[in-house]
Amino acid sequence: APVFNPEEFNKAEKVFLFLGPTGCGKSTTINYLLGNKFEYIIDGMTTYVKVVEGEGPRIGHSANSQTIKIEPCPKDKFILCDCPGSNDTRGLIQELANAKAVSSFVSGIIKSKLEIGFVLPISSSAITEEKGAKLKELLRLIVQLFGRIARAKDCITLFVTKVRDLFQVNHVIASLQKISESNLSTEEARVLRGFIGPDATRRIQLLKEGDFLREADPSKLNAIQTIPATELQGHMGLMLSSRAKAC
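Counting its secondary structure elements, the protein chain contains 9 helices and 9 strands. Taking all 247 residues of the protein chain together, the buried fraction comes to 49%. Of the contacts made within the protein chain by residues no fewer than 6 positions apart, 72% connect residues no fewer than 24 positions apart. Carbon and sulfur atoms make up 49% of the accessible area of the protein chain, which amounts to about 12700 Å² in all.

This is the structure:
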């Protein structure tokens, strides 16, 4: 499992961990925030983006999990960490190994003086289709990983990807509001209200379809919320998926 190496982070001030299910757009979002250049690829009725300039985590375009280990990517004073996804297509054993790796890695960061932020990329279709089933899966993941910290700390930023250029944050909030009224656990509902409630303090950022053909907006990176990593001491748990917990 990857071990946090302080020497690799000695020039950084903030560490961002990108978390979520396989295929949610973690690697693509990181490549955008790193300032890499993209082009759109059309394959029959399918379109996807491909990095044509710059270095970053490899983007998977198949149904199989692509990220196999935590991959730190430096950007100025930040370190963007691409983490293996939950519901790994390689099976339960690999998924448990991913969970242990992430928890061990975060434990190392907690002992440092860095600030930490958690970024949750999710596509707009995952919010609007199947009554938000993919978003609900993401909420379960966060509750399992953070426990009570998920509602107590403003260190979680939601990145909604593949958003049509006409849509704004208020349109996303309207969709999230409908999901908040559906069948969610108490803790899951609290996480969601942190983004959309009247006292919401967590940030929602959009990555629109046209953004990938433009230069990266540095404000998106600077706006990711963080807290001193030491504040997570005693709150982190093992990231277990619902199917892993059932075994």
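With respect to burial, strand 8 (residues 203-208) is a largely interior element, 5 of its 6 residues being buried. In the sheet, strand 7 (residues 156-163) pairs with strand 8 via 6 bridges, with the strands oriented parallel. Among the inter-strand pairings, Phe159 is bridged to a residue of strand 8, identified as Gln205.

A few words now on the nonpolar core. The tendency in soluble globular proteins is for nonpolar side chains to be buried as a group. With 47 residues, the main nonpolar core has Leu17, Ile116, Leu158, Leu176 and Ile204 as its most contacted residues. Ile116 has contacts with Val15, Leu17, Val106, Ile109, Cys155, Gln225, Thr226, Ile227, Ala229 and Leu232, leaving out every residue within four places of it along the chain.

Let us now look at the pattern of salt bridges. Opposite charge on two side chains permits pairing when their charged atoms draw close. Evaluated as defined, the whole model comprises 2 salt bridges. Ionic pairing is found between Glu187 and Arg190, a salt bridge with its closest N-O pair at 3.1 Å. Placement of both Glu187 and Arg190 in helix 7 (residues 186-196) is noted, with a separation of 3 residues, approximately one turn of the helix. Overall, the relative accessible area of 31% leaves Arg190 in the partly exposed class.

A few words on the environment of Ile227. Counting through the fold element by element, Ile227 comes out in strand 9 (residues 227-228). Judged by relative accessible area, which is 9%, Ile227 ranks as buried. Once the C-alpha coordinates of Ile227 and Ile156 are considered, the two residues, 71 residues apart in sequence, prove to be 9.6 Å apart.

Turning to the side chain of Asn31, a few remarks are in order. The residue Asn31 is located in helix 1 (residues 26-33) in this model. Here the side chain of Asn31 touches Pro57 through a polar contact of 2.8 Å, landing on its backbone oxygen. Among all residues touching Asn31, those that are not within four sequence positions of it are Asn36, Phe38, Val51, Glu55, Gly56, Pro57 and Ile59.

On to helix 1, then. Most of helix 1 is tucked away: 8 of the 8 residues are buried. For helix 1, the set of buried residues is Lys26, Ser27, Thr28, Thr29, Ile30, Asn31, Tyr32 and Leu33. Just downstream of helix 1 lies Gly35, where phi reads positive at about 90 degrees.

Although it is not a glycine, Glu130 sits at a positive phi angle of roughly 55 degrees. Within the fold, Glu130 resides in the loop between helix 3 (124-128) and helix 4 (133-146). Positive phi, normally seen in glycine, also occurs at Lys162, with a value near 55 degrees. Among the secondary structure elements, Lys162 is positioned in strand 7.

Along the chain, Cys155 turns up in the loop between helix 5 (149-152) and strand 7. On the accessibility criterion, Cys155 (0% relative accessible area) is buried. For the pair formed by Cys155 and Arg203, sequence separation is 48 residues and the distance between their alpha carbons is 9.3 Å. Discounting residues that sit within four places of it in the chain, Cys155 has contacts with Ile116, Gly117, Phe118, Gln225 and Ile227.

Before going further, it helps to spend a moment on the pairing of strand 4 (residues 71-75). By the bridge criterion, 5 bridges tie strand 4 to strand 5 (residues 78-82) in an arrangement that is antiparallel. Residue pairing for strand 5: Lys75 is matched across the bridge by Phe78. Joining the antiparallel neighbours strand 4 and strand 5 is a turn of 2 residues, in which Asp76 adopts a positive phi near 55 degrees.

Scoring rules and cut-offs
Residues numbered from 1 in each chain as written. Predicted model: local features only at pLDDT ≥ 70, side-chain atom pairs only at ≥ 80, totals over all residues. Heavy atoms only, no water. Helix = DSSP H or I, 4+ residues; strand = E, 2+ residues; numbered from the N terminus. Buried < 20%, exposed > 50% of the residue type's maximum accessible area, 1.4 Å probe, protein only. Contact = heavy atoms within 4.5 Å. Areas by Shrake-Rupley, 256 points an atom, 1.4 Å probe, with all protein chains shown as cover. Pairing = 2+ DSSP bridges. Core = buried A, V, L, I, M, F, W, Y, C linked by side-chain atoms within 4.5 Å. Salt bridge = Lys/Arg side-chain N within 4 Å of Asp/Glu carboxyl O. Polar contact = N/O pair within 3.5 Å; in protein donor to acceptor, adjacent residues only side chain to side chain.

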